[in-house]
Amino acid sequence: MSKPTARPKPIVLIVDDMPDSIAILSSCLEDEYQLLAASNGHTALKLANEYLPDLILLDVIMPELDGYSVCAQLKANPDTAKIPLIFVTALLSAADEERGFAAGAVDYVNKPISRAILRARVRAHIAQNKMHHELLAFTEELEQKEQDAEKAQRLLNAVLDAIPIRVFWKDPDSRYIGCNRHFANDNGVSSSEEIIGRTDFELMPERANALQAFAQTVIRTGQSLLNQEGAITTHDGKLTHISLNHVPLLESDGSVIGIVGAYEDITQRKHTFDALQDAKLKLETKLEEIVSLQEKLLEAALRDPLTGLYNRRYLAETLDIMLAQATRNQMPLSAVMIDIDHFKVVNDTYGHPAGDEVLKCLARFLSSQARTSDIVCRLGGEEFLILMMGASAENARIKIDKYREDFSKITIRHQNSAIKITFSAGVAVYPDHTESSKKLLEYADLALYAAKHNGRNRVSIFN
Ligand SMILES: [Mg+2]
């Protein structure tokens, strides 16, 4: 039924077939109420529906539709059913009264009318009905609020259960006052009700001291403790790595009334991280191997495979740099071209393996004699070159001549052969003979040619 809207005065509907009665009743009430009047049952029903009066005074005996019938119809209509209804009648038998109450009346007023009684009863029933409405509205509101609260709680629980994180909250004594389903499941139970009231000493004794310490620190300081990594053993015996957070649970005035904890299972993430670290380490090792291999390959590309000396390519890459260095240091740089005498005879007489042995022997000899700053190369065949930083042509000649003499005394043994061998050498010097790297090698070659021409087993300086 629709609630009566706020009215300046309560509305009272007077129903009576006698105009005199209406007049008397009206005179009793008109100062306090807004009055409507109906002289028959049909009009009464129409007005009641239209105005929803706060109270109806209903005559019992009327032609056509009597008071009981009107009452029954009003009660049958939800809109008018709750309107308090007082019968006004001269009938006084107990059976009549019972019939009226059974039909839904709240009271009787007898004719002839007593002004004081009528006014008191009307006032009382209107007040009672008003209170009844207010109580009803209050109850409805309360029910609605309860429903809303339950709905909010259900939603909160659903949210807490949906997030893939373990959530719990504890009172200041570290006793659980709530948790989500994941947390309950980790502890081997299906619902939070089985966790509430318990402590970590019951739930996870091996971690209880540490967890208690976290909670107490948060309660004491009011500060959060975040991302504490650790491990727990869940009820099924699985070791689980977790990232744990403790946040103070605050009252609206800011006082700490407990803690909220949440942790995440980071086992998978940790394994992935470890695997990544492992892969990274392996990759780094592999990378080092590759770099080392590259260096070896590069070195190999610059070395003569037979003797291990630098090759012509290395010389090409280095010579100009060395010349620049000599210029910077204001030093001479001697280039010594060396060629084994009658090498073809060695090959023809003893075979190529013997020839290779001679080449290797000379390479070892030159390397052992040279200073660390000297560069010894094999240019190909039986031809070698030594770059001597800081050596004048004469210094180089003296040094190489000593090499020549010492080497000529060496007996090279290959299988059953004992081979004696000599070399010739030509010296050109930078910058005295030329400032061009290309010409420096040409001039050293020409000096070598001169040494060969003059009888071999000797050292010539470019002239
Ligand atoms: Mg009557």
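Please read these numbers as outputs of a predicted model, since none were measured by experiment.

### Here's the deal with the side chain of Lys-170
Now for step 1: The topology assignment puts Lys-170 in strand β6 (residues 166–170).
Now for step 2: A distance of 2.6 Å separates polar atoms of two side chains, one belonging to Lys-170 and the other to Asp-200.
Now for step 3: Contacts of Lys-170, omitting those with residues within four sequence positions, involve Arg-175, Tyr-176, Ile-177, Asp-200, Leu-211, Ile-257, Gly-258 and Ile-259.

### So, the coordination of the magnesium ion
Now for step 1: The coordination sphere of the magnesium ion contains the protein donors Asp-17 (OD), Asp-59 (OD) and Ile-61 (O), at a distance range of 2.2 to 2.4 Å.
Now for step 2: Counting along the primary sequence, the residues that act as donors to the magnesium ion give the motif D-x41-D-x1-I. You can see Asp-17 sitting in the loop between β1 (11–15) and α1 (19–29) and its partner Asp-59 sitting in strand β3 (residues 55–59), a full 42 residues away along the chain.
Now for step 3: Overall, the relative accessible area of 26% leaves Asp-17 in the partly exposed class.
Now for step 4: Judged by its relative accessible area of 4%, Asp-59 is buried.

### Some details on the sheet that holds strand β17 (residues 459–461)
As a general point, the strands of a sheet are linked pairwise by backbone hydrogen bonds and lie either parallel or antiparallel.
Now for step 1: If you walk across this open sheet you meet the 5 strands as β12-β13-β11-β16-β17, and the pairing is mixed. The open sheet is flanked by β12 (375–380) and β17, the only strands paired with a single partner. Going from strand to strand, the sheet's axes swing by 20 degrees on average, the running direction of each strand aside.
Now for step 2: Bridge analysis of β12 against strand β13 (residues 383–389) gives 5 bridges, and the strand direction is antiparallel. Bridging across to β13, Val-376 finds its partner in Ile-386.

### A closer look at helix α3 (residues 67–76)
Now for step 1: Listed as buried for α3 are Gly-67, Tyr-68, Val-70, Cys-71 and Leu-74. Here the buried residues of α3 occupy an arc of 160 degrees about the axis, which is enough to place them on one side.
Now for step 2: Against the buried residues of α3 lie α2 (41–51), β3, β4 (85–89), α4 (94–103) and β5 (107–110).

### As for the nonpolar core
Now for step 1: Formed by 33 residues in total, the largest nonpolar core has its most connected members in Val-336, Ile-338, Leu-362, Leu-366, Phe-384, Ile-386 and Ile-400.
Now for step 2: When residues of this core are traced back to their parent elements, those giving at least two are β11 (333–340), α11 (343–350), α12 (352–369), β13, α13 (393–408) and β16 (423–430).
Now for step 3: If you tally residues by element for this core, the top one is α12, at 8 residues.
Now for step 4: Those residues within four positions of Ile-338 in sequence are excluded, and the remaining contacts are Leu-362, Leu-366, Glu-382, Glu-383, Phe-384, Ile-386, Phe-423, Ser-424, Ala-425 and Leu-448.
Now for step 5: With 24 residues, the next largest nonpolar core counts Leu-36, Ile-56, Cys-71 and Ala-105 among its residues.

### What about the pairing of β1?
Now for step 1: With 5 of 5 residues buried, β1 lies mostly within the body of the structure.
Now for step 2: A two-sided burial pattern is seen for β1, the buried positions comprising Ile-11, Leu-13 and Val-15 on one face and Val-12 and Ile-14 on the other.
Now for step 3: In terms of strand pairing, β1 meets strand β2 (residues 34–38) through 5 bridges, oriented parallel. In the sheet register, Ile-11 faces β2, and the bridge partner there is Gln-34.
Now for step 4: As a crossover connection, the stretch from β1 through α1 into β2 is right-handed.
Now for step 5: Where β1 lies against β3, 4 bridges are found, and the strand directions are parallel.

### Some thoughts on the pairing of strand β7 (residues 176–179)
Now for step 1: Across 3 bridges, the pairing between β6 and β7 is antiparallel. Bridge pairing in β7 links Trp-169 to Gly-178.
Now for step 2: Adjacent in sequence and paired antiparallel, β6 and β7 are bridged by 5 residues, among which Ser-174 carries a positive phi angle near 60 degrees.

### Some details on the domain arrangement of the chain
Now for step 1: For the chain, the assigned domains read domain 1 (11–136), domain 2 (163–265) and domain 3 (312–461).
Now for step 2: When each unit is reduced to the centre of its C-alpha atoms, the spacing between domain 1 and domain 2 is 66 Å.

### Regarding the side chain of Ser-334
Now for step 1: Note that Ser-334 resides in strand β11.
Now for step 2: Note on Ser-334: relative accessible area 0%, which makes it buried.
Now for step 3: A distance of 3.3 Å separates a polar side-chain atom of Ser-334 from the backbone oxygen of Ser-392.
Now for step 4: Not counting residues within four places of it along the chain, the set of residues in contact with Ser-334 comprises Ile-386, Leu-387, Met-388, Ala-391, Ser-392, Ala-393, Ala-396, Val-427, Ala-428 and Val-429.

### Focus: a nonpolar patch on the surface
Now for step 1: A surface patch of nonpolar side chains, about 250 Å² in accessible area, is lined by Leu-155, Val-159 and Ile-163.
Now for step 2: Ile-163 gets classed as partly exposed once you look at its relative accessible area, which sits at 31%.

### Looking at empty space enclosed by the protein
Over the atoms, a rolling probe the size of a water molecule traces out where space has been left empty.
Now for step 1: Inspection of every chain in the model, using the stated rule, returns 2 cavities of 30 Å³ or more.
Now for step 2: Broken down by secondary-structure element, the contributors of at least two residues to the lining of the largest cavity are β6 and β9 (239–250).
Now for step 3: Residue contributions to the lining of the largest cavity peak at 3 residues, all from β9.
Now for step 4: Of the residues belonging to the lining of the largest cavity, the class tally is 9 nonpolar, 1 polar and 2 charged.

Rules of the game
- Residues numbered from 1 in each chain as written.
- Predicted model: local features only at pLDDT ≥ 70, side-chain atom pairs only at ≥ 80, totals over all residues.
- Heavy atoms only, no water.
- Helix = DSSP H or I, 4+ residues; strand = E, 2+ residues; numbered from the N terminus.
- Polar contact = N/O pair within 3.5 Å; in protein donor to acceptor, adjacent residues only side chain to side chain.
- Contact = heavy atoms within 4.5 Å.
- Donors = N, O, S within 2.8 Å, 3.2 Å for Na, K, Ca; no water.
- Buried < 20%, exposed > 50% of the residue type's maximum accessible area, 1.4 Å probe, protein only.
- Pairing = 2+ DSSP bridges.
- Axes fitted to C-alpha atoms, helices over the stretch in contact; angles between N-to-C directions.
- Arc of directions from axis to C-beta.
- Core = buried A, V, L, I, M, F, W, Y, C linked by side-chain atoms within 4.5 Å.
- Right-handed = clockwise from strand over helix to strand, strands pointing away.
- Domains from an automatic or database assignment.
- Patch = residues over 30% accessible without salt bridge, like charges linked within 9 Å, V, L, I, M, F, W, Y side chains within 5 Å.
- Areas by Shrake-Rupley, 256 points an atom, 1.4 Å probe, with all protein chains shown as cover.
- Salt bridge = Lys/Arg side-chain N within 4 Å of Asp/Glu carboxyl O.
- 1 Å grid on protein atoms, 1.4 Å probe; cavity = no way out; pocket = protein on both sides within 12 Å on 5 of 7 lines; lining within 4 Å.
- Points joined across faces, edges and corners; volume = space filled by probe spheres on them.
- Nonpolar A, V, L, I, M, F, W, Y, C, P; charged D, E, K, R; others polar.

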